[in-house]
Amino acid sequence: MSTANFLELLINGLITGSIYALVGSGIALVYGTTRVLNFAHGELLMLAGYLILLFAVTLGWPLLVASVITLAIIVVLGAGIQRLTIAPLLRRNDWAFQVVAATIGLSIFLQSGAQLIWGEQFQAVPYFFPGIVVIGDLRMPWQRIAICLIAVAVMAACAIVLYRTKLGRIIRATAQDAEAALAVGIPAGLVHTAVFSISAALAGVAAILLSPLISVNPWMGTSYLLKGFAVVILGGLGSFGGAVAAGFLLGLIESFSVAFAPSEWRDVIAFTFLIAVIWVRPNGLFSGREA
């Protein structure tokens, strides 16, 4: 393997891993705080893809304006899902299965709604960052480099909020013991809503960065939801930092696997690695119960 090929696989792995980390860290944050697995998380990514297509391409708005409005809508939608769908179910004793069923049903509803509104055709989004980066014999579009840089910056900002601010301490206290947090005056319900909003924002960022590389379609969130769950399991259920690390690890495994096997085997190799890890470490590589 030449140096240029190695660098290309490494950079592609980091780029793919950054998207997996964004999606997986949002799922992990929600699970770590509320013990809820949101099966509609992929549809938030899908809707954000259609919104950025509408605002930035169809209407021709500036990318920054389109991105801010897209994220604002997705954050409100994430909060609405928690308040209107999840919160009422959490008051019941047998809420676990009902929440799973409700979020799966919501996922199907949002997919069907997207097909009704936008149709089944795949729609392309042009690159937001034109140009090529040249490193020796390696040529890489700026769009792909920007994905990794922006994703890392967003996740670093989330980590700072989670571990260095009062809001982060409140979130982690609620994750450790919601009843005890409520007893000392922390509004657990509002914390859960905030966490769902942050998770939705991470999915929105992933969609905005990803949409120029793949066609926007009603099913685009499904594969990334599966990879997000794989990242959460690999990193340790409920661990934000573990999900970020596992996302990059999974991306690198998929990228380097194509050097030794056909590209069609990429998912097989990735999930085989996941199964092997679960066999050896059932709680994940970076297990923990933190938010």
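Small disclaimer: the values here were computed from a predicted structure and weren't measured. (Residues numbered from 1 in each chain as written. Predicted model: local features only at pLDDT ≥ 70, side-chain atom pairs only at ≥ 80, totals over all residues. Heavy atoms only, no water.)

1. Focus on the environment of G78
Topologically, G78 is positioned in helix 3 (residues 63–90). For G78, a relative accessible area of 1% corresponds to the buried category. Between the C-alpha atoms of G78 and S197, which are 119 residues apart in sequence, the distance is 5.0 Å. Apart from the residues lying within four places of it in its own chain, the contact partners of G78 are F196 and A200. (Helix = DSSP H or I, 4+ residues; strand = E, 2+ residues; numbered from the N terminus. Buried < 20%, exposed > 50% of the residue type's maximum accessible area, 1.4 Å probe, protein only. Contact = heavy atoms within 4.5 Å.)

2. Looking at the side chain of T33
By the secondary structure assignment, T33 is in helix 1 (residues 3–34). You can call T33 buried: its relative accessible area is 5%. Within polar-contact distance, the side chain of T33 engages the backbone oxygen of L29 at 2.9 Å. (Polar contact = N/O pair within 3.5 Å; in protein donor to acceptor, adjacent residues only side chain to side chain.)

3. Things to note about the pattern of salt bridges
Within this structure, the stated rule accounts for three salt bridges. Among the ionic pairs, K227 bridges to E254, the shortest N-O distance being 2.7 Å. Of the two residues, K227 is situated in helix 9 (residues 220–235) and E254 in helix 10 (residues 240–257); the sequence distance between them amounts to 27 residues. Of the residues examined, E254 reaches a relative accessible area of 1% and is grouped as buried. Ionic pairing is found between R266 and E254, a salt bridge with its closest N-O pair at 4.0 Å. (Salt bridge = Lys/Arg side-chain N within 4 Å of Asp/Glu carboxyl O.)

4. Quick notes on helix 2 (residues 41–58)
Taking 1.5 Å of rise per residue, 18 residues should cover 26 Å, and helix 2 covers 25 Å from first to last C-alpha, within 8% of that figure. Most of helix 2 sits inside the fold, with 15 of its 18 residues counted as buried. (Expected span 1.5 Å × (residues − 1).)

5. Considerations on the nonpolar core
Core analysis: the largest hydrophobic core is formed by 78 residues, its most contacted members being I19, L22, L45, M155, L209 and F240. The leading source of residues in this core is helix 8 (residues 188–210), at twelve residues. The residues touching L45, leaving out its near neighbours within four places in the chain, are V23, A203, A206, A207, M220, G221 and Y224. (Core = buried A, V, L, I, M, F, W, Y, C linked by side-chain atoms within 4.5 Å.)

6. With respect to the UniProt feature "transmembrane region" (unreviewed entry) in the protein
UniProt records the feature "transmembrane region" (unreviewed entry) at residues 6–32, 44–63, 69–90, 97–118, 142–163, 184–209 and 229–253, using the numbering of this structure. As a span, residues 97–118 carries 100% helix and 0% strand, and end to end its C-alpha atoms are 32 Å apart. Across residues 142–163 one finds 100% helix and 0% strand; the C-alpha atoms that close the span lie 31 Å apart. (UniProt positions renumbered as here; feature names shortened; annotations may be inferred.)

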